[in-house]
Amino acid sequence: MDRDTVRRVSNDDLDITATAAWRDLVDHQRELSGRQMRDLFAAEPERGRDMVVDAADLHIDYSKNLADAHTLALLATLAREARVEELRDAMLAGAHINTSEDRAALHTALRLPAQAQLQVDGQDVVADVHRVLAALGDFSDAVRDGAWTGYTGKAITDVVNIGIGGSDLGPAMGYQALRYYRHPRIRGHFVSNVDPGDVIATLAGLDPETTLFIVASKTFTTQETLINARVARKWLLEQADGDEAVIARHFVAVSTNAAEVAAFGIDTDNMFGFWDWVGGRYSLDSAIGLSLMIAIGRDHFADLLDGFRRMDEHFATAPIEENAPILLGLLGLWYSNFWDAQSHAVLPYANDLARFPAYLQQLVMESNGKSVSRGGRTLNAATATVVWGEPGTNGQHAFYQLLHQGSWLIPADFIGFAEPLTDLTTPDGGSMHDLLMSNFFAQTEVLAFGKRERALKAEGVAPELVPHKIMPGSRPTTSILAPRLTPSVLGQLIALYEHKTFVQAMVWGINPFDQWGVELGKAVANARLAVVTDPESPAPLPDSSTDALIRWYRAARGRTP
Ligand SMILES: O=P(O)(O)OC[C@H]1O[C@](O)(CO)[C@@H](O)[C@@H]1O
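Cut-offs used in this document
- Residues numbered from 1 in each chain as written.
- Predicted model: local features only at pLDDT ≥ 70, side-chain atom pairs only at ≥ 80, totals over all residues.
- Heavy atoms only, no water.
- UniProt positions renumbered as here; feature names shortened; annotations may be inferred.
- Buried < 20%, exposed > 50% of the residue type's maximum accessible area, 1.4 Å probe, protein only.
- Helix = DSSP H or I, 4+ residues; strand = E, 2+ residues; numbered from the N terminus.
- Contact = heavy atoms within 4.5 Å.
- Near = heavy atom within 4 Å.
- Polar contact = N/O pair within 3.5 Å; in protein donor to acceptor, adjacent residues only side chain to side chain.
- Areas by Shrake-Rupley, 256 points an atom, 1.4 Å probe, with all protein chains shown as cover.
- 1 Å grid on protein atoms, 1.4 Å probe; cavity = no way out; pocket = protein on both sides within 12 Å on 5 of 7 lines; lining within 4 Å.
- Sits in = over half its atoms within 2 Å of the grid points.
- Pairing = 2+ DSSP bridges.
- Axes fitted to C-alpha atoms, helices over the stretch in contact; angles between N-to-C directions.
- Patch = residues over 30% accessible without salt bridge, like charges linked within 9 Å, V, L, I, M, F, W, Y side chains within 5 Å.
- Salt bridge = Lys/Arg side-chain N within 4 Å of Asp/Glu carboxyl O.
- Right-handed = clockwise from strand over helix to strand, strands pointing away.

Named according to an unreviewed UniProt entry, the chain is Glucose-6-phosphate isomerase originating from Gordonia phosphorivorans. The Subcellular location (unreviewed entry) comment attached to the chain in UniProt states, word for word, "Cytoplasm". For the chain, the Function (unreviewed entry) comment in UniProt is given as "Catalyzes the reversible isomerization of glucose-6-phosphate to fructose-6-phosphate."

Next comes the structure, spelled out in structure tokens:
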């Protein structure tokens, strides 16, 4: 399906805020805003059992949201008005859903089984995906079992992924999340920032004879990645007496751009490809995941892909009312568009998921941080909120105060696991993991139900302290539980948020697969470099602030004319 057909299916002219469903939601929010969460539970005592959805291995309780059965019915109508299901089917079939770049957005094809069929633009996508997966698997086996060696014949002990944005956040997050599954000899490192401190700190602890660099960049033109890769190349050559032949043992590339890879000096035999229909922030499960595959092995990587696929299947087949990504997408939109929520917290009760909120920041905010529709019309509704978060219980001792008693409504996702991958016993013989999870349950309970004046007085709290101790409650949370943090469950979680993000974009009528807003900053940074470095640069910049700041910087660096 080409982009013009996508535009017709999606009805690019639709202003979702002008629909009857939207107006009904505005009215409904007014009614609901006078009710407390505890009132909703009193009216629907079985909410905790009814408002749950099981998707693959995830058990999701959305009962502690400011929504009742009527809200969900209205939100489902809104999704139907926006043709979310038709657009989902179009995306999964390879339609050019990325209309501004006239491309498919087919990250779901990266996890199709080998026997699946999908032809897109004349290309057998599944065969291509599995050809690259096999090459990645063979290479990661060779690195892991020591058959692939450095230039002095030693096995690789350190793998450095050099990439940024989608070419960094996914592998870095996954490497941390799947700590338990890592190869005992091989350590992973992730260099992304153009701040020299990043690459310096990483290289400081490494041995060039046993270090493998993966230069990961979809375009292979990204400033940060190419500079860091050049630094690493120089570092290696210095140790290897300038022998360029060593590069082939220590550098591989992951990219869609073979010409630039070759121009950089990496043999394209050492390149693993992917395709323009894989967006950067949707690329962990493409060759961009190579560093993760080396860390956890091809079989665990296959489990990760299987987890993604299981969530894809749920998303593709479950009716709106039981479809986890659609429900979470609609609830998120309910808060941002009808309750003025401006941020959304993601709170994993798993230290290994510490980078998950940062990963979601790119996924959600680069995808849906837009203000015009696919057809170029300025939107009348707010789009993506700020995503943020830290693992519990650390966050409890930092920012939860604001969640509980602050003046903003901040919906939060709590993510927790039944079984830890490793547990420790407390002095009284209990489980540390039980302590962690009792905090999870306590927080969602207190956020929902708070503590009332009456209860405080009954406890004999001093009258002057009562206002300070009142916990308003009615703070919405969604609880996402899974048996344990396995590769499959990580894949399910990522796919859940990918599809949630897609659903919201489709309701707002935006294209979540482009990122034009990032480009101008890159172009201006390149233009400003000359001014930053040249003390003779005479022409004042158009604005007095940037001009004075750069002059101050130049003087501080001793760059005076
Ligand atoms: O993989 P590349 O081409 O180096 O791009 C890195 C990142 O830069 C962006 O284009 C913009 O920040 C992201 O979308 C992308 O993930």
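This part takes up helix α8 (residues 169–177). Taken across its nine residues, α8 has eight buried, putting it largely inside the fold. The elements touched by buried residues of α8 are β6 (187–191), α13 (290–296), α16 (356–368) and α21 (487–508).

A separate point is the site of the ligand. As a matter of local geometry, the ligand sits amid 15 residues, with S167, S217, T219, T222 and E366 nearest to it. Take S217: an N or O atom from its side chain is 2.6 Å from an oxygen atom of the ligand. Contacts to the ligand include Q362, whose side-chain N or O atom sits 3.2 Å from an oxygen atom. Burial of the ligand by the surrounding chains reaches 89%, relative to a free accessible area of 390 Å². Most atoms of the ligand, that is more than half of them, are within 2 Å of grid points of the largest pocket.

Here we come to the sheet that holds strand β7 (residues 211–216). With parallel pairing, the five strands of this open sheet are ordered in space as β6-β5-β7-β8-β9. Either end of the sheet is taken by a strand with one partner, and the two such strands are β6 and β9 (271–273). Put simply, the sheet's adjacent strands are angled 20° from each other on average, direction ignored. With three bridges joining them, strand β8 (residues 251–255) and β9 adopt parallel strand pairing. Paired with S255 across the bridge in β9 is G273.

Glancing now at a nonpolar patch on the surface. A surface patch of nonpolar side chains, amounting to about 200 Å² of accessible area, comprises V194, I227 and V231. Here V194 falls in the partly exposed class, since its relative accessible area comes to 38%.

The next subject is the pairing of strand β10 (residues 343–348). If a strand is regular, its side chains alternate between the two faces of the sheet. Of all six residues making up β10, six are buried, and the element is well covered by its neighbours. Residues S343, A345 and L347 line one face of β10 and the alternating positions H344, V346 and P348 line the opposite face, and both faces are buried. Relative to strand β11 (residues 386–388), β10 runs parallel, the two being bridged by three bridges. By the bridge assignment, H344 is partnered in β11 with V387. Between the parallel elements β10 and β11, the chain passes through α16 in a crossover that is right-handed. As judged from the four bridges shared by β10 and strand β12 (residues 412–417), these two strands associate in the parallel manner. Residue pairing across strands places L347 opposite F414, the latter belonging to β12.

Following the sequence through the fold, A105 ends up in the loop between α6 (84–92) and β3 (119–120). For A105, a relative accessible area of 4% gives the class buried. Note: C-alpha distance between A105 and P512 (407 residues apart in sequence) is 9.5 Å. When near neighbours in sequence (up to four residues on either side) are disregarded, A105 contacts M91, A95, I97, W277 and F513.

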